[in-house]
Amino acid sequence: MHLVLMGPPGSGKGTQAKIIAQNFNLEHISTGDLLRKNPNLSKEQRDIINSGDFIPDNMMLEIVKSKLETCHGGWILDGYPRTLTQAKNLQDALQNSTFQVIYFDIDEGELLDRITGRLTCSNCDSIFHKKTKPPIKENICDNCGGALIHRKDDTKETIKHRLEAYHNYTAPVVKYFKEKNVLASISTDNSKSIDQIFDEVREILKG
Ligand code: AP5
Ligand code: MG
C-alpha cells in the first residue's frame, strides 16, 4: 500500500501516520522528522524550517527518492508532497504507479492550541499534547523514555507563516489530487478522538 497524508500543520498527520504504519505494516516517511534529524543541514536550512518556509523542491526530491529506494514494502508519506512541483516529481519518481491520498480537514481555529501544546520525543519522534494526550511521566516519552521537547517551529508567530505557506503552495496540491480522483477527505477536528479518526482511515483503506 502506498499512502500520502495531507493537511495543514497540526491536523494530525504525524499522529495518524504512526498508527497507520503500525497497523498496516508500512514505512512511515515524515519529511519533517527527516529534516529535523539530519545532522548535515546548514544553519540557513535550519532557519528555513524554524521560520516555517519550505526547503527547496530539488533537495526534498533527493531526500524522498533515497528513502523510497530503501523501502521494499508499502509506505506512508507524511509532509510530502507539499508543492505542485513536488507532486509531479513524486509521480515521475514512482513512474506513475498509484497511491492513495488522504486529506485531513480541520477547522483552522483548532490548530494554534494543538501546535503550541504539542510535545515531541527527541529520540523516537512520538507525538504528545500537554492537554489532550499528556505523557504518563512529565516530559518523558511513554514509548522510549526519551526527553520530550517543543519543536522550534511550534510558536504562535511561526504558525501564521506556516499556514500561509500551506495555503499558497500546498492547498493547490490538495485540489490537484482531488481532480485526479485519488483523494479522500476526513475531518480531524477535536470533536473526534485519535482512535475515531483512525477508524475512518481504516474504512477508506478497505476500499
Ligand atoms: P512537518 O514536520 O511536516 O510539519 P507540518 O506539516 O507543519 O505538520 P505538523 O507536524 O506540525 O502537524 P501534524 O499534521 O503532523 O500534526 P500532529 O500529528 O503532530 O514540517 C516541518 C517543516 O519542515 C516545514 O515547515 C518545512 O520547513 C519543512 N518541510 C517538511 N517537509 C517539506 C517538504 N515536503 N518540502 C519543503 N519543506 C518541507 O498533531 C498535532 C498535535 O495535535 C499533537 O500534539 C497531537 O497530539 C494533537 N492531536 C492529533 N490528533 C488529535 C485529535 N484527534 N484530537 C486532539 N488532539 C490531537
Ligand atoms: Mg507532523
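Rules of the game
Residues numbered from 1 in each chain as written. Chains lettered and ligands numbered in written order. Predicted model: local features only at pLDDT ≥ 70, side-chain atom pairs only at ≥ 80, totals over all residues. Heavy atoms only, no water. Near = heavy atom within 4 Å. Polar contact = N/O pair within 3.5 Å; in protein donor to acceptor, adjacent residues only side chain to side chain. Areas by Shrake-Rupley, 256 points an atom, 1.4 Å probe, with all protein chains shown as cover. Helix = DSSP H or I, 4+ residues; strand = E, 2+ residues; numbered from the N terminus. Nonpolar A, V, L, I, M, F, W, Y, C, P; charged D, E, K, R; others polar. Pairing = 2+ DSSP bridges. Axes fitted to C-alpha atoms, helices over the stretch in contact; angles between N-to-C directions. Contact = heavy atoms within 4.5 Å. Buried < 20%, exposed > 50% of the residue type's maximum accessible area, 1.4 Å probe, protein only. Core = buried A, V, L, I, M, F, W, Y, C linked by side-chain atoms within 4.5 Å.

**Student:** I would appreciate a short explanation of the site of ligand 1 in the present structure.
**Tutor:** Around ligand 1, the surrounding shell holds 35 residues, and the nearest of these are T15, D53, R82, R118 and R162. K13 is positioned with one of its side-chain polar atoms (N or O) 2.9 Å from an oxygen atom of ligand 1. Between ligand 1 and T31 there is a distance of 2.8 Å, counted from a nitrogen atom to a side-chain nitrogen or oxygen. Its free accessible area being 1,100 Å², ligand 1 has 97% of it covered by the protein chains. Ranked by residues supplied to the shell around ligand 1, first place goes to helix 2 (residues 31-36) with 4 residues. Here the shell around ligand 1 is composed, by residue class, of 12 nonpolar, 13 polar and 10 charged.

**Student:** Explain the sheet that holds strand 2 (residues 27-30) here, please?
**Tutor:** The pairing of strands in a sheet happens through backbone hydrogen bonds and is either parallel or antiparallel. An order of 2-3-1-4-8 is seen for the 5 strands of this open sheet, with the pairing classed as parallel. Only two strands of the sheet have a single neighbouring strand rather than two, namely strand 2 and strand 8 (183-187). Taking each pair of neighbouring strands and ignoring which way they run, the sheet shows an average axis angle of 20°. As paired strands, strand 2 and strand 3 (residues 75-78) are joined by 4 bridges and run parallel to one another. Across the sheet, residue H28 finds its bridge partner in strand 3, namely I76. Sheet strands in contact with helix 7 (residues 156-179) are strand 1 (2-6), strand 4 (100-105) and strand 8, and its direction is about 140° off that of strand 1.

**Student:** What am I meant to see in the pairing of strand 3 here?
**Tutor:** Residues in a regular strand point their side chains to alternate faces of the sheet. Neither face of strand 3 is open: one carries W75 and L77, the other I76 and D78, and all of them are buried. Here strand 1 runs beside strand 3; their pairing, made up of 4 bridges, is parallel. Paired with L5 across the strands is D78, a residue of strand 3.

**Student:** Would you explain the nonpolar core in this entry?
**Tutor:** A general trend in soluble globular proteins is that nonpolar side chains are found buried together. One finds W75 and F177 to be the most contacted residues of the largest nonpolar core, which totals 29 residues. When residues in this core are grouped by element, the largest group, 6 residues, is from helix 4 (residues 57-69). Non-local contacts of W75, meaning those with residues more than four positions away in its chain, are made with M1, H2, L3, V4, L26, E27, I29, L68, L94 and F99. By size, the runner-up hydrophobic cluster in this structure holds 14 residues, among which are I20, I102, I186 and I197.

On their own, these measurements won't tell you what the molecule is for.
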